[in-house]
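This is what each chain is made of:
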Amino acid sequence: MNNSEIAKVFQDIADLLELKGESVFKIRAYQKAVRSIEHLPVELAQLRAEGRLREVPGIGEAIEKKIAELLDTGRLKYYEELRAEFPEGIISLLQVPGVGPKTAMRLSTELGVNSIEELEKAILDGRVASLFRMGDKTAENILRGLQSMRTKEQRIPIGTALPLAEGIMASLQERTAVRNLTPAGSLRRFRETIGDIDLMGTADDAEAVIRAFTELPQVREVLAKGGTKASIVTKDNLQVDFRVVPHDAFGSLLQYFTGSKQHNINLRERAIRQGLSLSEYGITVTRTGQLEKFATEEAFYGRLGLQYIPPEFREGTNEIELAEAKQVPEPIDRRDVKGDLHVHSNWSDGRDSIEDMALAARALGYRYIAITDHSKGLGIAHGLNEARIREQRAEIRTLNESLKDFRILTGIEVDIRADGSLDLPDEVLAEMDVVVAAVHSAMGQEQEKMTRRIVKAMENPHVDIIAHPTGRLLGVREAVAIDMEAIFRAAARTGTVLEINAMPDRLDLRDIHIFRARELGVKLCLGTDAHATEHLPFMRFGVGIARRGWAEAGHVLNTLPAEGVLAALKH
DNA sequence: GCCGTTTTCGGCCCGACTGTTTTCAGTCG
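Just so we're clear, the structure is a prediction, and the values are computed from it rather than from any experiment.

(A) Looking closely at the protein's contact with DNA strand B. Around DNA strand B lies a shell of 39 residues, among which Arg-28, Gly-98, Thr-103, Tyr-256 and Glu-269 are the nearest. Counting only atoms of DNA strand B within 4 Å of the protein, the sugar-phosphate share comes to 72%. A distance of 2.7 Å is found between a phosphate oxygen of DNA strand B and a backbone nitrogen or oxygen belonging to Gly-100. Between DNA strand B and Arg-268, the relevant distance is 2.5 Å, taken from a sugar or linking oxygen to a side-chain nitrogen or oxygen of the residue. A breakdown of the residues in the surface near DNA strand B according to their chemical character gives 17 nonpolar, nine polar and 13 charged.

(B) Quick peek at the pattern of salt bridges. One pass over the structure, following the stated rule, counts 40 salt bridges. With its nearest N and O atoms 4.0 Å apart, the salt bridge here joins Glu-192 to Arg-510. Here the residue Glu-192 occupies a position in the loop between helix H11 (185–189) and strand E3 (193–194), and Arg-510 occupies one in the loop between strand E16 (497–501) and helix H22 (511–519), the gap between them amounting to 318 residues. Assessed through its relative accessible area of 15%, Glu-192 is described here as buried. Under the relative-accessibility criterion, Arg-510 is labelled partly exposed at 28%. Put simply, Arg-303 and Glu-292 hold a salt bridge, and the shortest N to O gap is 2.7 Å. Residue Arg-303 is located in helix H15 (residues 297–303), and its partner Glu-292 is located in strand E10 (residues 290–292); the two are separated by 11 residues in the primary sequence. Here Glu-292 falls in the partly exposed class, since its relative accessible area comes to 22%.

Rules used in this analysis
Residues numbered from 1 in each chain as written. Chains lettered and ligands numbered in written order. Predicted model: local features only at pLDDT ≥ 70, side-chain atom pairs only at ≥ 80, totals over all residues. Heavy atoms only, no water. Near = heavy atom within 4 Å. Polar contact = N/O pair within 3.5 Å; in protein donor to acceptor, adjacent residues only side chain to side chain. Nonpolar A, V, L, I, M, F, W, Y, C, P; charged D, E, K, R; others polar. Salt bridge = Lys/Arg side-chain N within 4 Å of Asp/Glu carboxyl O. Helix = DSSP H or I, 4+ residues; strand = E, 2+ residues; numbered from the N terminus. Buried < 20%, exposed > 50% of the residue type's maximum accessible area, 1.4 Å probe, protein only.

Pasting the structure below:
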């Protein structure tokens, strides 16, 4: 079983224990284990083999045993017995906003409702409202939750959410005197998908800013509106929560609403031991009841004796311990990136000329790009054969003579065939500045074959970079079946660079892969896979995901100047 | 069920909102 399957079992256990009315601390322990496992950069099976399961925060004696049982047998007796105590389907009720464990249990025992469909029926015929301590409003609230669950976009990719949030922030800046306007929540932590957009700001006149927010042209519906906060649904069907506080309390507010939940819980547990109590309003000294306010997050963390923790690190792993020891890494910044190593042109399936791509890249402050059009095997993308490759190289040479302070590297995105061989002969690859290799076909191969295929490509001395290593497309296509640990080890062994593809529907490698690859000494690079000039700025998404993988500038090849990149590539 | 620079036992994050209530339980973030 893999990590997400095991996490799912423990999530179910936590839900079932809630229905059962077990100790909230026990439930919280399982939930903590789930979150911990979800963010784990290594498979549990491997940790167990190394005898290191107990090093994972939230995994103790009991959960360690359960993981072992799941890994050995694929089943868990405790889980099966627990499930047998409840009607099938009851857990699904917990997915409905407004329905918690108490309500779910009553719906099941008193009304025999054990599915979303039965719940809807029971609301519509009035049975839910007739329950003791329930009423029309509660029933209606649940119905609304049920409908929003169906109609609302679930989690949307950050590539969609961030521009929408920026549009709203720009409108708000134009119309009001709001200050410190910034995203919070998962958007600020740069998770690859976002549930709701959270915005924070400060103002002298909070009410005026809130009012302007609810009257923005993007607004379709106002869900709630008060003196300091409001929630709206945009015309894109996205919920946006906005909160405004006085300037001097902004630090603690932003910290609180950035989360993650587990990070905040860990932070507060630690604060209690220091005799402090944390909230969005500030830090209270328990002994005196004195509330201290913080205008910045730096000051807030500083008061707790901690180094500042970048939002992308705040997932409740070991970031607080590192901040205590003043050993938080300095994550890569967009300004560190000196060039783009994965760019297409109209020589294959790109839209724009090489010159236009180069000029656009230079305008972004880059010193170089690598033109990596597709190879001939990708007929659908007008892949290049040997003859056209030579023509393209001549054009690049001419352009390089006229471009000042900028260099176009010659390259190719060569197709990795189903058997791991490459689509172009070694002699042709040898003449390139940069060889990027990628899988584009036969993506359904079984894990062992796919892993061997990519490892074989990495063993080719001319292959510098593996592009979008897992092949996933967010919300469209799952990652190919592949043994990532084996890929990382082969990359480290052969000196092959793994790409962090910045295209917002790819973000591949993903955060936990970047984390693990780094640990194993794998070189990384950033590439946008741009097929038009307006794709070049997608670099910021790649940088954001790299930061979530705790990557520093030194881990990423194209923070070097062009000569440095060429010197570091293996061929 | 986890965990420890107070503890191997006795703690365990904090506040807001809502609805159905006469003081609070349930849910959410």
